[in-house]
Structures are given as structure tokens and as C-alpha cells.
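Residues per chain are reported as follows:
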Amino acid sequence: MIRVTFVCLGNICRSPMAELLFKKMVKERGLTDSFEVTSCGTFSYEDGSPLHDPARETLRAHGVSGDHTARKVTMDDVVKSDYLLVMDESNQSDLTEFAGVAGKGKIYMLMSFTPRGGAVADPWFTHDFEKAYADIEEGCRCFLDFILQKGV
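The structure reproduced in this document is the subject of the present report. (Residues numbered from 1 in each chain as written. Predicted model: local features only at pLDDT ≥ 70, side-chain atom pairs only at ≥ 80, totals over all residues. Heavy atoms only, no water.)

Considerations on the overall build of the protein chain
So, point 1. Tallying secondary structure elements over the protein chain gives 6 helices and 4 strands in all.
So, point 2. The order of α-helices and β-strands along the protein chain, N terminus first, is β-α-β-α-α-β-α-β-α-α.
So, point 3. Computed over the C-alpha atoms, the radius of gyration of the protein chain is 14 Å, within 12% of the 15 Å expected from 2.2 N^0.38 for a compact globule of 152 residues.
So, point 4. When the backbone C-alpha atoms are referred to their principal axes, the protein chain occupies close to 35 × 35 × 30 Å.
So, point 5. Looking at the 152 residues of the protein chain, the share that counts as buried comes to 49%.
So, point 6. Relative to all contacts within the protein chain whose residues are 6 or more apart in sequence, the contacts with residues 24 or more apart total 73%.
So, point 7. Per element, the accessible surface of the protein chain, about 7400 Å² overall, is 51% carbon and sulfur.
So, point 8. Put simply, the protein chain has 17 plus and 23 minus side-chain charges, and the middle of one group is 5 Å from the middle of the other. (Helix = DSSP H or I, 4+ residues; strand = E, 2+ residues; numbered from the N terminus. Rg over C-alpha atoms; globule rule 2.2 N^0.38 Å. Buried < 20%, exposed > 50% of the residue type's maximum accessible area, 1.4 Å probe, protein only. Contact = heavy atoms within 4.5 Å. Areas by Shrake-Rupley, 256 points an atom, 1.4 Å probe, with all protein chains shown as cover. Lys, Arg positive; Asp, Glu negative; His and termini not counted. Charge placed at Lys NZ, Arg CZ, Asp CG, Glu CD.)

Some words on the sheet that holds strand β1 (residues 2-8)
So, point 1. Judged by pairing direction, the sheet is parallel, and its 4 strands sit side by side in the order β2-β1-β3-β4 without closing on themselves. With partners counted over all chains shown, the strands left at the sheet margins are β2 (35-41) and β4 (107-109), one partner each. Taken over all neighbouring pairs, the strand axes of this sheet differ in orientation by 25° on average, direction set aside.
So, point 2. In this sheet, β2 lies alongside β1 in parallel orientation, the contact comprising 7 bridges. (Pairing = 2+ DSSP bridges. Axes fitted to C-alpha atoms, helices over the stretch in contact; angles between N-to-C directions.)

Topic: the packing of aromatic side chains
So, point 1. Using the criterion set out here, one finds 11 aromatic pairs in the structure.
So, point 2. Ring centres 6.2 Å apart and planes at 25° place the aromatic pair Phe43 and Tyr45 in the stacked group.
So, point 3. Here Tyr45 falls in the exposed class, since its relative accessible area comes to 55%.
So, point 4. Measuring from centroid to centroid gives 6.4 Å for Phe143 and Phe146, while their planes differ by 25°, and the two rings are stacked. One end of the pair, Phe143, and the other, Phe146, are both in helix α6 (residues 129-150), 3 residues apart, so they sit about a helical turn from each other.
So, point 5. With relative accessibility at 0%, the residue Phe143 sits in the buried group.
So, point 6. Taken together, the aromatic side chains of Phe6, Phe22, Phe35, Tyr83, Tyr108, Phe113, Phe143 and Phe146 make up a single cluster linked through ring pairs.
So, point 7. Seen from the ring of Phe98, Lys72 lies directly overhead, with NZ or CZ sitting 4.5 Å from the centre. (Phe/Tyr/Trp six-rings, centres within 6.5 Å; stacked < 30°, edge-to-face > 60°. Lys NZ or Arg CZ within 6 Å of the ring centre and 35° of its normal.)

What follows is the structure, given as C-alpha cells:
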């Protein structure tokens, strides 16, 4: 079982979009039993909130559905995850500080699995959820290819 946790700031846009999209990708490949996928945020101020409406609408437009309730990352998430995939440098810094040695070798930028690297565009500020979706789709696809090359 490969445990993947997607992480962003508040866990209402990018990381739950990645979680729901990655779950769909895994299901389409018949690999649901090989993965445990979740998401969370580095801060708790959105705890209990649903997926942000524009994020939900963007996912639906691409045939992705699912429920989500925002929550803050816990040390249990860090310890149990094989991969903690963050959306940007700020998330990486916050999570690395929080996780300490328990996160060593587990925290990666999602886009680091793509040829171009960088961060997932933050739609909270740009309101461009399609750009965020495109980044997330590319990152998730490349990450899944990486995992499959390693052998599930």
C-alpha cells in the first residue's frame, strides 16, 4: 500500500483537487487497492470547510467528483505517508518545519515529478482554477508514472 498525502495551505483548493483527481487516475488504472490517498493543509483556519466551490466546479468540468472536508496535517499523516506532495515552496517549508526528521525523504513538490518543475499555480489569488487544475493534472499524471516505473 502506497500512502500519498497532498498538502497545501488551507486544504480547500489545490490539495483536495489533487487528492480527488489522483484517486480517479488510480481507479481508472485499477490500482485503488494499492493506494491510500488523502489531503490536508499546513494551517487549521479552514478546518471543517468543504471544497471551495470554484475548485469543485473545475473538477466537475473535468469529470472528477468527490467529497472533501478540510483539515490540518498531523504528525500521524507525516509518519504514515510514503509521499507528502506539496503545492508550492511555502507549503514545503511549513511542512518540513512541522514534520522534522519524520518527514525526511517524504516531502516533495508535486511539480517536481514533471519535466518543468515549479509550483502549482495558486487559484486563491489568481482565481484561475483551470491553470491550477492543469498543473495538478500534469503533476499527478507524472507522479503516478514515477510510481508505476518503480513498481507498485
